[in-house]
Amino acid sequence: ILSDEDKRKRYDNGENPDYINQSNTHEQQVMSTVFGIFNNIVDQNIDLIHNNLFDIIRQTLQANEEKAKIDKNKNQKNIERYNNILKRIKKKDQSELFIQLLDDKIKGCNAIIIQIDEHIHVLEDALKLIKECEYEIDPQYIHSEYFPTSTSTTW
């Protein structure tokens, strides 16, 4: 353990030195995200003869990105709120516990924001990954549950 720098660092951090961290790389997360959405769409009862598979994947990625941005904004507003509360607490022995609780809430929100930023980055790269993907749909009848057209087709 002492002769292997990585194992020594893991041991010093209280981890099992023989455990190798197998966390996903960014590229693996991007691929996993795209394939997860792909599998979900393919397994649903969506008409993929008349609907563009990659447009549906793009729409899903964009919707997930918008939701992540909303969640990030909520956490940023919570941090502002907690900081405003902190400013109003008078520092006395009895109030230290509440100050620590608010500090912990702020740290928790900051950790969530970091995770959300990483997730947004994955979604952005997933969109880039499928940017050039093309899908052939049946030109006889174009209809989309996901992208309604402004013109209606009469039979």
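Above this note sits the structure.
Residues numbered from 1 in each chain as written. Predicted model: local features only at pLDDT ≥ 70, side-chain atom pairs only at ≥ 80, totals over all residues. Heavy atoms only, no water.

Novice: Help me understand the packing of helix 2 (residues 26–43) against helix 4 (residues 96–129) in this model?
Specialist: It is at 9 Å that the axes of helix 2 and helix 4 come closest, and there the two elements cross at 70 degrees. In terms of axis orientation, helix 2 runs roughly perpendicular to helix 4. Handedness of the crossing formed by helix 2 with helix 4: right-handed. Across from His26, Gln29, Val30, Met31, Thr33 and Val34 in helix 2, the residues of helix 4 making contact are His121, Val122, Leu123, Asp125, Ala126 and Leu129. Taken together, the residues of the contact of helix 2 with helix 4 sort by class into 7 nonpolar, 4 polar and 1 charged. (Axes fitted to C-alpha atoms, helices over the stretch in contact; angles between N-to-C directions. Helix = DSSP H or I, 4+ residues; strand = E, 2+ residues; numbered from the N terminus. Parallel < 35°, antiparallel > 145°, perpendicular 65-115°, else oblique. Left-handed = near helix turned anticlockwise from the far one by under 90°. Contact = heavy atoms within 4.5 Å. Nonpolar A, V, L, I, M, F, W, Y, C, P; charged D, E, K, R; others polar.)

Novice: What am I meant to see in the nonpolar core here?
Specialist: Across soluble globular proteins, you tend to see nonpolar side chains buried next to one another. Core analysis: the biggest nonpolar cluster contains 16 residues, and Ile41, Leu48, Ile57 and Leu61 have the highest contact counts within it. Elements with a contribution of two residues or more to this core: helix 2, helix 3 (53–88) and helix 4. Looking at which element gives the most residues to this core, the answer is helix 3, with 5 residues. Every residue in contact with Ile41, bar those within four places of it in the chain, is listed here: Ile46, Leu48, Leu53, Ile56, Ile57 and Thr60. (Core = buried A, V, L, I, M, F, W, Y, C linked by side-chain atoms within 4.5 Å. Buried < 20%, exposed > 50% of the residue type's maximum accessible area, 1.4 Å probe, protein only.)

Novice: Can you walk me through helix 3 in this structure?
Specialist: Given 3.6 residues per helical turn, the α-helix brings residues three or four places apart onto the same face. Across its 36 residues, helix 3 extends 53 Å between first and last C-alpha, which sits within 8% of the 52 Å expected from 1.5 Å per residue. The secondary structure elements touched by the buried residues of helix 3 are helix 2 and helix 4. (Expected span 1.5 Å × (residues − 1).)

Novice: So what exactly am I meant to see when it comes to the pattern of salt bridges here?
Specialist: Should the charged atoms of two oppositely charged side chains come close, the side chains can pair. Under the defined criterion, the tally for this structure stands at 5 salt bridges. Between Arg58 and Asp55 there is a salt bridge, with the nearest N and O atoms lying 3.0 Å from each other. Separated by 3 residues within a single helix, Arg58 and Asp55 lie in helix 3, roughly one turn from each other. What makes Arg58 buried here is its relative accessible area of 17%. A relative accessible area of 30% places Asp55 in the partly exposed class. (Salt bridge = Lys/Arg side-chain N within 4 Å of Asp/Glu carboxyl O.)

Novice: Could you clarify how one ought to interpret the packing of aromatic side chains in this entry?
Specialist: Two numbers describe a pair of aromatic rings. These are the distance of the centres and the angle of the planes. Within the structure shown, the criterion is met by 1 aromatic pair. The interplanar angle of 80 degrees and the centroid separation of 6.1 Å between the aromatic rings of Phe54 and Tyr135 together place this pair among those described as edge-to-face. Within this pair, whereas Phe54 is found in helix 3, its partner Tyr135 is found in the segment after helix 4, the two being separated by 81 residues in sequence. Its relative accessible area of 17% is what places Phe54 among the buried residues. (Phe/Tyr/Trp six-rings, centres within 6.5 Å; stacked < 30°, edge-to-face > 60°.)

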